[in-house]
Amino acid sequence: MRAVSFKRPLLVAGCVGLLLYLGMLLRTGPESGASTDRELHSDRALRSFSDLEQSLNNLSRILRGFERRQDAMQKLLEEDRDRRRKAADVQLRAEHKEPEQPREEAPAPPKKSNKLFPNSPLFKGWGENLSEDEQREAQGLFEKYGYNVFLSDRLPLDRPLPDTREKGCLARTYEEDLPTVGVVLIYLDEALSVLKRALRSIIDRTPKHLLKEIIMVDDNSSNENLKGDLDAYVKSLEEENPGLRITRVRHTEQKGLAHARASGWRAATADVVAILDAHIEVHELWAEPLLTQIKADRTTVVSPVFDRVNFDDLKVIHYLPAAHAFDWALWCMYEGFSPDYYTHNDSSRPGKSPSVMGILVADRKFLGEIGVLDEGMKVYGGENVELGIRVWTCGGSIEVVPCSKIAHIERFHKPYMLDLTPAMKRNALRVAEIWMDEYKHNINLAWNIPFENHGIDIGDISERKKLRERLNCKPFKWYLDNVYPKLDPWDNLLAYGAMKNLDSELCIDQGPVPGDTPISYDCHYYGPQMTYYRATGELYIGGIKSHKYNDNRCLTDRGEKKTEPGLFNCKEAMQKGMGIYWDFTQGKELKNRQTKRCLEMLNKVLVIQECTGQRWKIQNVIKSS
């Protein structure tokens with residue numbers, strides 16, 4: 001069919017060319033000769049042209065007819081070809097007996113998933129476009145680990161971190177000749193991808209000549225993928241880094257953080273040991289600033305600045321340098337450095353710190369000389385404060401180094417113990433008994449525990465007391481005066497606990513917060529009913545602050561014949577001229593020194609009125625007023 005189509009235009013072109021040639025020939029006939037010859041030639045030419053025109057018209061009709069026949073033939077061939085193709089398709093389907101394929105339809109727009117866990121902390125600001133199956137998977141992993149493992153499993157192991165160092169750090173350079181470091185990673189049922197990312201960041205962002213070893217301490221994990229899968233990954237790291245020693249330490253029973261960290265220290269051989277959590281990522285140049293400080297003074301225990309990694313979206317949040325502090329319950333907290341630090345106007349300088357948050361870097365031998373960590377501490381909590389007090393009072397110091405940054409996942413909950421209170425309380429009492437001398441009962445005050453016969457077993461402390469004597473450590477008062485003067489010593493408290501009106505059997509309660517009016521309530525002996533009576537006469541309600549820079553809430557007589565008692569910040573109440581000082585003896589009245597009126601109950605409501613002899617009793621008396 002392609003040949004027929006090609007010949008037709010060729011034939012038409014040939015005919016057109018012949019006509020042009022004949023036309024030119026007639027126009028350019030001989031010009032010489034007589035006029036008669038010209039006339040004869042002209043008549044002859046006219047007749048010839050007329051005959052030629054008629055012939056050409058006939059030829060044109062023939063060509064048009066030919067074209068019509070060619071078009072009809074092409075149409076017939078195309079119809080025949082279509083019939084043959086359709087017949088072949090039918091025959092092929094009959095031979096193979098294939099079912100008819102359904103007609104494809106345009107895909108429906110994706111249906112938006114319902115939020116299956118609207119109250120879950122994980123989905124408050126993350127997971128908007130997840131399917132319902134993905135939501136279930138993510139929530140299950142979150143409940144198990146306390147952070148977003150679903151997302152972690154989908155992030156690169158070597159993801160880049162933002163450079164959040166202080167500006168003064170960017171131009172700092174460090175010696176090549178620094179102590180070697182062994183990194184100890186402590187983990188208990190950590191997510192595999194999180195642990196892999198920690199290992200990857202340490203290997204990639206620590207100079208090879210400084211990183212001597214990684215010691216992985218497993219505090220008796222039960223997750224199956226922390227066995228074979230982790231073993232295979234560690235083996236691949238060893239093959240990639242033949243000069244790096246990776247040591248595995250596995251506990252056959254759960255020992256707790258302090259014991260696990262001590263196990264890592266015992267397995268280390270490097271000059272310096274860096275004891276880290278496993279849910280971290282180190283930044284570039286994390287090690288050099290820490291090793292520089294230790295090289296300058298081997299008795300300095302240092303800690304990096306932690307950037308927070310959100311538990312839900314795993315984004316890195318920049319944290320400013322701060323001291324690692326604590327309250328009298330031994331809960332950790334951030335706090336500003338001492339005032340003299342800020343006079344230098346250089347936030348890249350290391351700052352002195354009363355304690356460490358748990359991640360610490362120290363000269364390996366020095367840490368051994370002062371007793372490593374107290375392995376008598378159980379599960380979690382207090383071991384970092386114990387180390388801080390021991391380092392400072394036994395010849396060392398603690399610094400936070402702003403030019404060293406580590407990103408640390410802030411768990412929403414601790415998977416190994418949902419309620420840390422029993423372990424924290426027990427460990428705090430152990431620290432107090434060994435290190436706090438005459439201030440040890442402040443731990444009892446903070447936890448509302450009786451001074452004597454509290455019934456909590458703190459374990460054998462004889463060896464740790466001998467260690468303190470052998471190291472000739474300074475008294476705890478020296479620590480309060482020289483290292484942590486911000487901590488209120490609470491050295492003039494006379495009584496604490498719930499205060500009950502013996503005539504009505506109701507207790508003083510702080511009432512609604514916010515609010516400035518205490519109320520009477522059935523005694524339950526929890527936080528809102530905790531009162532603290534000082535020798536100076538202040539009566540705090542609803543708790544007591546551990547630090548001097550925080551103000552407590554004082555029970556007040558508002559004065560001016562008002563009968564409703566007040567509850568205000570003590571400094572504010574004094575500025576307003578309210579009476580904040582009270583006289584109290586156990587089992588007797590509670591009288592305001594300024595107004596001489598008493599706090600009493602009237603129809604089960606707290607009132608300030610003329611004293612009628614109503615009696616009060618506070619839960620625990622330290623010493624009589």
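Rules used in this analysis
Residues numbered from 1 in each chain as written. Predicted model: local features only at pLDDT ≥ 70, side-chain atom pairs only at ≥ 80, totals over all residues. Heavy atoms only, no water. Helix = DSSP H or I, 4+ residues; strand = E, 2+ residues; numbered from the N terminus. Buried < 20%, exposed > 50% of the residue type's maximum accessible area, 1.4 Å probe, protein only. Contact = heavy atoms within 4.5 Å. Areas by Shrake-Rupley, 256 points an atom, 1.4 Å probe, with all protein chains shown as cover. Salt bridge = Lys/Arg side-chain N within 4 Å of Asp/Glu carboxyl O. Phe/Tyr/Trp six-rings, centres within 6.5 Å; stacked < 30°, edge-to-face > 60°. Lys NZ or Arg CZ within 6 Å of the ring centre and 35° of its normal.

1. Digging into the overall build of the protein chain
The number of helices and strands found in the protein chain is 16 helices and 24 strands. Within the protein chain, the proportion of its 625 residues that are buried is 46%. For the protein chain, restricting intrachain contacts to residue pairs at least 6 apart in sequence, the fraction spanning at least 24 positions comes to 71%. Entry remark: accessible area of the protein chain is about 33,000 Å², with carbon and sulfur atoms responsible for 52%.

2. Quick notes on the pattern of salt bridges
Under the definition given, this model contains 40 salt bridges. Where Glu281 meets Arg159, a salt bridge forms, and the shortest distance between an N and an O atom there is 2.9 Å. Placement of the pair is Glu281 in strand 5 (residues 280-282) and Arg159 in the loop between helix 4 (149-152) and strand 1 (181-187), with a sequence separation of 122 residues. A relative accessible area of 13% means that Arg159 is categorised as buried. Arg615 is the salt-bridge partner of Asp503, the closest N and O atoms lying 3.9 Å from each other. One end of the pair, Asp503, is in the loop between strand 13 (493-501) and strand 14 (506-509); the other, Arg615, is in the loop between strand 23 (605-609) and strand 24 (616-621), and 112 residues separate them in sequence. When its relative accessible area of 47% is taken as the criterion, Asp503 is described as partly exposed. Where salt bridges share partners, they join Asp374, Glu386, Arg390, Arg430 and Arg464 into one cluster.

3. As for the packing of aromatic side chains
Enumeration according to the criterion identifies 19 aromatic pairs in this entry. Consider the rings of Trp328 and Trp490, whose centres lie 5.9 Å apart with planes at 40°: the pair is tilted. You can see Trp328 sitting in the loop between strand 8 (323-326) and strand 9 (332-335) and its partner Trp490 sitting in the loop between helix 15 (476-482) and strand 13, a full 162 residues away along the chain. The burial state of Trp328 is the same as that of Trp490; both residues are buried. Measuring from ring centre to ring centre gives 6.0 Å for Tyr439 and Phe476, while their planes differ by 55°; the resulting arrangement is tilted. Taken together, the positions of Tyr439 in the loop between helix 12 (421-435) and helix 13 (441-447) and Phe476 in helix 15 put the pair 37 residues apart, joining distant regions of the chain. As far as the burial class goes, Tyr439 and Phe476 line up, both buried. Each member of the aromatic cluster is reached from another via a ring pair, and the members are Trp328, Tyr439, Phe476, Tyr479 and Trp490. Lying across the ring of Phe150, Arg154 places its NZ or CZ 3.6 Å from the centre. The ring centre of Trp478 lies 4.8 Å from the NZ or CZ of Lys474, which sits over that ring.

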